[in-house]
Amino acid sequence: MSRFWSELVHGLSPYVPGEQPQIPGLVKLNTNESPFGPSPKAIEAIRAAAADTLRLYPDPQATRLREVLAAYHKVSPEQVFVGNGSDEVLAHTFAALLKQPAPLLFPDVTYSFYPVYCRLLGIDYATVPLDAEMRVRIDDYVDRPGPVIVANPNAPTGIALSRAEIARLAAAHSDVAVVIDEAYVDFGAETAIPLIREHPNLLVVQTMSKSRALAGLRVGYAIGAAGLIEGLTRVKDSFNSYPLGRPAQAGAIASIEDDAHFQQARVAIMQNRADLTAALVRLGFEVLPSSANFVFVRHPDHSGQALATALRQRAVLVRHFTAPRIADYLRITIGSETELARLTDALHEVLAQNG
Ligand code: PMP
């Protein structure tokens, strides 16, 4: 605490990201990073950007990157906004679109950054409980006013909504913004991007951190009607003109252009997820149906906290949350085959000792 803080800072409770410890031989399955590297072409482009031109500011509009993203997603560049990770894109979205007279709605169990942005920006919000199976029920949102943000697939459950359900949500809230955070969409869910044509209130946020293995580069983006994007740009240009450096813009472009690498990596993650799910079920875990690069699991006889601690002692890191309704669960990132074998071996040992 410092007496020099503003009143705003005194009232904040910041988001706590997963740990990044330096433990030798660590199996790191706590922050949904990719076990595979980014596209070699992206690395090459980043290296090429590490040149004398770094003395010059980057393109503040990231024009070329927005053009490449627009072509990839079959929209126009005016419908694309880019930022320093999707966290920054989300922060600008909260400021630009989600502060409205009626409270912002989001699920009680979702990405825990959402309430943090609300407190930072003074946004009133109301949470809507997931149903008994930990699913988002669109019926619980349709008759309520106010803008909405949902992660699809949801985090940390991994459960996805269909595109038809998102369309129903956007139509029911046509006079306010509906934001879909698709950080994990490439691992088996349907993107809502094709819906933006018919729904001028719909904003879809994606990231290069997960399916493109570029968490360290910090590139995220939003796709929606040009009017929504203009709102985000107004906030961005009131905050930081150059959120993406030259290496980030170059690496992101090269990643989008290497579709073969992207497809191969996401298919491998989905295969490893199927194998891990089967292995965890054999160990007695309940595994929620995941469309993400993680699974959300609980064991009927062991607390989430005890399992997370026992795994950590074996140099396997998974994520445990203490929030209500999810304290029994572990969120486990889908790693490589070798990493997942280390995890299941460690779990065998722990369950045998305490069973
Ligand atoms: N949305 C969700 C649901 C996430 O889990 C994350 C990762 N913590 C993000 C957005 C932000 O990812 P990034 O800033 O790396 O794009």
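Conventions and cut-offs
Residues numbered from 1 in each chain as written. Predicted model: local features only at pLDDT ≥ 70, side-chain atom pairs only at ≥ 80, totals over all residues. Heavy atoms only, no water. Axes fitted to C-alpha atoms, helices over the stretch in contact; angles between N-to-C directions. Helix = DSSP H or I, 4+ residues; strand = E, 2+ residues; numbered from the N terminus. Parallel < 35°, antiparallel > 145°, perpendicular 65-115°, else oblique. Left-handed = near helix turned anticlockwise from the far one by under 90°. Contact = heavy atoms within 4.5 Å. Nonpolar A, V, L, I, M, F, W, Y, C, P; charged D, E, K, R; others polar. Pairing = 2+ DSSP bridges. Near = heavy atom within 4 Å. Polar contact = N/O pair within 3.5 Å; in protein donor to acceptor, adjacent residues only side chain to side chain. Areas by Shrake-Rupley, 256 points an atom, 1.4 Å probe, with all protein chains shown as cover.

1. Observations concerning the packing of helix α2 (residues 40–49) against helix α9 (residues 246–257)
One way to put it is that α2 packs onto α9 with a least axis distance of 8 Å and a crossing angle of 155°. Relative to α9, α2 is oriented roughly antiparallel. The handedness of the crossing between α2 and α9 is right-handed. Residue-level inspection shows Lys 41, Ala 42, Ala 45, Ile 46 and Ala 49 of α2 in contact with α9, the latter providing Arg 246, Pro 247, Ala 250, Gly 251, Ala 254 and Ser 255. Class assignment for the residues of the contact of α2 with α9 results in seven nonpolar, two polar and two charged.

2. Some details on the sheet that holds strand β10 (residues 294–298)
If you walk across this open sheet you meet the three strands as β9-β10-β12, and the pairing is antiparallel. A single partner strand is all that each edge strand has here, and the edge strands are β9 (286–287) and β12 (330–333). Relative to β10, β9 runs antiparallel, the two sharing two bridges. Residue Val 287 lies in a different strand from β10, and its bridge partner there is Val 297.

3. What to know about the site of the ligand
Not every one of the 13 residues close to the ligand is listed here, only the nearest: Ser 86, Asp 181, Tyr 184, Thr 207 and Ser 209. Measuring from a nitrogen atom of the ligand, one finds a side-chain N or O atom of Asp 181 at 2.7 Å. Tyr 184 places a polar side-chain atom, nitrogen or oxygen, 2.7 Å from an oxygen atom of the ligand. In the complex, the protein chains occlude 91% of the 400 Å² of accessible area that the ligand would expose alone. Classifying every residue of the shell around the ligand by side-chain character gives five nonpolar, four polar and four charged.

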